[in-house]
Amino acid sequence: MDLFSVNGKKVVVTGGSRGIGRMIAAGFVDAGAEVYISARKGAEVEKTAAELGCTGIPADLSTPEGVATLAEAVDGPLDILVNNAGATWGAPLEEFPSEAFDKLWNINVKGVFYVTQRFLPQLRAAASADDPARVINVGSVDGIRVPPLETYAYSAAKAGVHMLTRHLARKLAPDHITVNAIAPGPFESKMMAFALDDPVTREMVAGEVPLGRIGRPEDMAGAAIYLSSRAGAYLTGAVIPVDGGLAC
């Protein structure tokens, strides 16, 4: 049964050296895909690529040069692009700096747009009516609801990712390219380490989730594989919360 198969697909996962990006990349590797991961720090990318059995490409995707480096390193048609690279910033309202909005807009929104733009020829080359090419953008449940923390630029940028997803989905549908977003809740990542590394805070965070737990790697990998497989071929422009019910 191949309804959920991604075997042999070529996949790029940005921000794939750790956290949610690593979870998604590992899921694709285990499912038989040819996987490329990218992140800013070369040593981390190479270490993760060696551990997972995929190809690592160091690149700063907040810059045009970094986007070009990534695109030029991936030859031929591209079946699946996962735009996961992102950053966060927290500060009290009265102290929230303008550079936070600049940094997060460049990475979380402009990065998604320009990486997708650069890979369009390769996505189009892989696409067909029966088996579309796929773009998966990683947003956040904090782009759907008002978050409890003072992360103004982050929640605004992730809401922007969700709308950008819908806009690109409408534009690229005639090219047989689907564009969807995953909106994660709490998962093990550097962004969540401040809360999840402390047992008391971790229990509190898990207690706020209706399903009562932190997300697991298979939760994230499963959502990405579904969107990339034949099972998800008729879905585009969707923002799927993978959050244990937080967005309810």
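All of these numbers come straight from a predicted model, not from anything done at the bench.

1. Points about the layout of surface pockets
Part 1 of the argument: In this structure, the second largest pocket spans a volume of roughly 160 Å³.
Part 2 of the argument: As for the second largest pocket, its lining consists of Ser128, Ala129, Pro132, Ala173, His176, Ile177, Thr178, Ala233, Tyr234, Leu235 and Thr236.
Part 3 of the argument: By residue class, the composition of the lining of the second largest pocket is 7 nonpolar, 4 polar and no charged.

2. Let's talk about the packing of helix H1 (residues 19–30) against helix H2 (residues 42–52)
Part 1 of the argument: At a closest axis distance of 10 Å, the pairing of H1 and H2 adopts a crossing angle of 30 degrees. Classed by the angle they form, the pair H1 and H2 counts as roughly parallel. Considering the relative orientation of H1 and H2, their crossing is right-handed. Seen from H1, the contacting residues are Arg22, Ala25, Ala26 and Val29; seen from H2, they are Thr48, Glu51 and Leu52.
Part 2 of the argument: A class-by-class count of the residues in the contact of H1 with H2 yields 4 nonpolar, 1 polar and 2 charged.

3. Re the pairing of strand E2 (residues 34–39)
Part 1 of the argument: A large share of E2 lies buried, amounting to 5 of its 6 residues.
Part 2 of the argument: The pairing of strand E1 (residues 10–14) with E2 spans 5 bridges and is classified as parallel. Across the sheet, the residue bridging to valine 11 is valine 35, located in E2.
Part 3 of the argument: What joins E1 to E2 is H1, and the crossover it makes is right-handed.
Part 4 of the argument: Alignment of E2 against strand E3 (residues 55–58), held across 4 bridges, turns out to be parallel. Bridge pairing links tyrosine 36 to threonine 55 in E3.
Part 5 of the argument: Once you follow E2 into H2 and on to E3, the crossover reads as right-handed.

About the criteria used
Residues numbered from 1 in each chain as written. Predicted model: local features only at pLDDT ≥ 70, side-chain atom pairs only at ≥ 80, totals over all residues. Heavy atoms only, no water. 1 Å grid on protein atoms, 1.4 Å probe; cavity = no way out; pocket = protein on both sides within 12 Å on 5 of 7 lines; lining within 4 Å. Points joined across faces, edges and corners; volume = space filled by probe spheres on them. Nonpolar A, V, L, I, M, F, W, Y, C, P; charged D, E, K, R; others polar. Axes fitted to C-alpha atoms, helices over the stretch in contact; angles between N-to-C directions. Helix = DSSP H or I, 4+ residues; strand = E, 2+ residues; numbered from the N terminus. Parallel < 35°, antiparallel > 145°, perpendicular 65-115°, else oblique. Left-handed = near helix turned anticlockwise from the far one by under 90°. Contact = heavy atoms within 4.5 Å. Buried < 20%, exposed > 50% of the residue type's maximum accessible area, 1.4 Å probe, protein only. Pairing = 2+ DSSP bridges. Right-handed = clockwise from strand over helix to strand, strands pointing away.

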